[in-house]
Amino acid sequence: GDSVTQMEGPVTLSEEAFLTINCTYTATGYPSLFWYVQYPGEGLQLLLKATKADDKGSNKGFEATYRKETTSFHLEKGSVQVSDSAVYFCALDDKIIFGKGTRLHILP
Amino acid sequence: DTGVSQDPRHKITKRGQNVTFRCDPISEHNRLYWYRQTLGQGPEFLTYFQNEAQLEKSRLLSDRFSAERPKGSFSTLEIQRTEQGDSAMYLCASSLGSGTAYNEQFFGPGTRLTVL
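Conventions used here
- Along each chain, residue indices are assigned from 1 in the same order as the chain's sequence is written.
- All chains are assigned letters beginning at A, and all ligands numbers beginning at 1, according to the order in which they are written.
- Given that this is a predicted model, residues contribute local features only at a pLDDT of at least 70 and side-chain atom pairs are listed and counted only at 80 or more, while totals for whole chains, interfaces and linings are drawn from all residues.
- To get the side-chain values, take all heavy atoms of the structure and skip hydrogens and water.
- Cavities and pockets are found on a 1 Å grid laid over the protein atoms alone: a cavity is a set of points where a 1.4 Å probe fits but cannot escape, a pocket is an open set with protein on both sides within 12 Å along at least five of seven lines, and a lining residue has an atom within 4 Å of such a point.
- Grid points are joined across faces, edges and corners, and a volume is the space filled by probe spheres set on the points.
- Counting from the N terminus, the helices are DSSP H or I runs at least four residues long and the strands are E runs at least two residues long.
- For this classification, the nonpolar set comprises Ala, Val, Leu, Ile, Met, Phe, Trp, Tyr, Cys and Pro, the charged set comprises Asp, Glu, Lys and Arg, and every other residue, Gly included, is treated as polar.
- Cysteine sulfur atoms are paired as a disulfide whenever they come within 2.5 Å of each other.
- Think of it in three bands: residues with accessible area under 20% of the maximum for their type are buried, residues over 50% are exposed, and the middle band is partly exposed, with areas taken using a 1.4 Å probe on protein chains only.
- In this description, a nonpolar core means a group of buried Ala, Val, Leu, Ile, Met, Phe, Trp, Tyr and Cys residues linked to one another through side-chain atoms lying within 4.5 Å.
- For this analysis, residues touch if any pair of their heavy atoms sits within 4.5 Å.
- Buried area is understood as the total, over both parts, of accessible area removed when two parts are fitted together, assessed with a 1.4 Å probe.
- We count a salt bridge whenever a side-chain nitrogen from Lys or Arg sits within 4 Å of a carboxyl oxygen from Asp or Glu.
- A 3.5 Å cut-off defines polar contacts: any pair of N or O atoms within that distance qualifies, except that in protein one atom must be a possible hydrogen donor and the other a possible acceptor, and neighbouring residues in sequence count only when both atoms are side-chain atoms.
- Between any two strands, pairing holds if DSSP finds at least two bridges.
- A fitted line through C-alpha atoms serves as each axis, taken over the contacting stretch for helices, and the angle formed by two N-to-C directions is quoted from 0 to 180°.

Asker: What exactly am I supposed to notice about the layout of surface pockets here?
Answerer: In this approach a probe as big as a water molecule rolls over the atoms, and the regions it shows empty are the leftover space. Taken as a whole, the largest pocket holds about 720 Å³ of empty space. Around the largest pocket, the lining comprises 33 residues; the ones closest to its centre are A:Gln38, A:Val87, A:Arg103, B:Gln37 and B:Arg112. If you list the elements that add at least two residues to the lining of the largest pocket, you get strand 10 (86-92) and strand 12 (102-107) of chain A together with strand 9 (88-95) and strand 11 (111-115) of chain B. Broken down by element, the residue count for the lining of the largest pocket peaks at four residues, all from strand 12 of chain A. Here the residues of the lining of the largest pocket are counted per class, giving twelve nonpolar, 15 polar and six charged.

Asker: Explain the state of the cysteines to me, please; I cannot follow it from the model alone.
Answerer: Structurally, a disulfide amounts to a covalent bond that connects the sulfur atoms of two cysteines. In total, this model carries two disulfides over all chains according to the counting rule given. In this model A:Cys23 forms its disulfide with A:Cys90; the gap between the sulfur atoms is 1.9 Å. In this structure the cystine formed by A:Cys23 and A:Cys90 twists about its S-S bond by roughly -70°; its chirality is therefore left-handed. Of this pair, A:Cys23 sits in strand 4 (residues 23-26) while A:Cys90 sits in strand 10, and the two are 67 residues apart along the sequence. The exposure classification of A:Cys23 matches that of A:Cys90, with both residues buried. In this model, B:Cys23 is linked to B:Cys92 through a disulfide, with the two sulfur atoms separated by 1.8 Å. Here the S-S torsion is close to -70°, and the disulfide linking B:Cys23 with B:Cys92 is therefore left-handed. On the criterion of sequence distance, the pair formed by B:Cys23 in strand 3 (residues 19-24) and B:Cys92 in strand 9 is long-range, its members being 69 residues apart. A single burial state applies to B:Cys23 and to B:Cys92, both of which are buried.

Asker: Quick question: what am I supposed to make of the environment of A:Lys49 here?
Answerer: With respect to the helices, strands and loops of the structure, A:Lys49 is situated in strand 6 (residues 45-50). Taking the C-alpha atoms as reference, A:Lys49 lies 9.2 Å from A:Asn59; in sequence the two are ten residues apart.

Asker: Where do I start with the nonpolar core in this structure?
Answerer: Nonpolar side chains tend toward joint burial in soluble globular proteins. A:Trp35, A:Leu47, A:Leu48, A:Phe73, A:Leu75 and A:Tyr88 are the most contacted members of the largest nonpolar core, which has 26 residues in total. Sorting the residues of this core by element identifies strand 2 (11-14), strand 3 (19-21), strand 4, strand 5 (33-38), strand 6, strand 8 (62-65), strand 10 and strand 12 of chain A as the ones contributing at least two each. When residues in this core are grouped by element, the largest group, four residues, is from strand 10 of chain A. Membership of the second largest hydrophobic core comes to 19 residues, among which are B:Val19, B:Ile26, B:Leu46 and B:Ala88.

Asker: Please explain the interface of chain A and chain B as it appears in this structure.
Answerer: You'll often see interface size given as the accessible area lost when the parts meet. Facing 15 residues of chain A, the contacting portion of chain B comprises 17 residues. A buried area of about 1400 Å², summed over both sides, lies between chain A and chain B, and 56% of it is on carbon and sulfur atoms. Here chain A is connected to chain B by zero salt bridges. Along the contact surface separating chain A from chain B lie one residue pair in polar contact (both at pLDDT 80 or more). For the side of chain A that touches chain B, the leading source of residues is strand 5 of chain A, giving three residues.

Asker: Can you help me understand the sheet that holds strand 8 of chain A in this one?
Answerer: Two strands in a sheet stick together by hydrogen bonds in their backbones, pointing the same way (parallel) or opposite ways (antiparallel). Residue and element names in this part refer to chain A. Pairing in this open sheet of four strands is antiparallel, and the strands run 3-9-8-7 from one edge to the other. Bordering the open sheet on either side are strand 3 and strand 7 (56-59), each of which pairs with just one other strand. Strand-to-strand, the axes of this sheet are offset by a mean angle of 20°, without reference to chain direction. Both strand 8 and strand 9 (residues 75-77) contribute to a ladder of three bridges, which runs antiparallel. When the sheet's bridge partners are listed, phenylalanine 62 is paired in strand 9 with lysine 77.

The structure is reproduced here in structure tokens:
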């Protein structure tokens with residue numbers, strides 16, 4: 001069945017460091033792909049999405065490109081801030097299939 | 001606040017008791033979803049409604065679980081004869097969906113269930 005695999009956390013970085021959180025998926029057909037974020041004490045929020053191959057989703061300085069050839073949707077940000085500390089979930093399709101989440105800690 | 005709301009936010013119950021959770025979606029949203037999230041895991045899809053019709057149920061949704069959305073607005077999720085393995089965060093989400101096109105799901109804060 002469909003599934004999502006994302007890198008284990010926690011990931012700890014210094015402020016202004018470059019961030020990559022890897023995500024790969026297994027799916028039949030052509031799913032939509034998402035990154036969701038859960039800030040401490042808050043509900044899940046959609047961070048960005050891509051609905052077809054080679055689409056790039058972007059929001060708040062984060063980007064991810066839908067790579068069909070490598071079945072990947074890696075999340076990147078060029079310069080992280082303390083306020084980016086959260087749990088990030090890669091997900092696919094409509095009745096969303098989530099990865100296990102990657103907890104990100106940014107040190108000032 | 002016009003977001004998705006869930007009630008209660010926390011529920012502690014003894015094994016064998018029944019519990020019911022409520023979700024109020026964003027008012028114009030026709031789709032409503034329930035997910036379960038256990039510690040260290042991502043949310044798992046349980047079921048979803050389009051208006052009052054329950055269109056899909058996950059195999060995770062055992063016979064002890066039942067969900068309703070009687071008037072196509074709020075929804076309830078009931079767990080009968082709770083077990084310790086039911087302890088989790090139960091998340092509700094809503095969206096304005098049409099056909100097979102994806103529309104952003106907006107999540108509520110969740111109800112954390114602890115079964116003693």
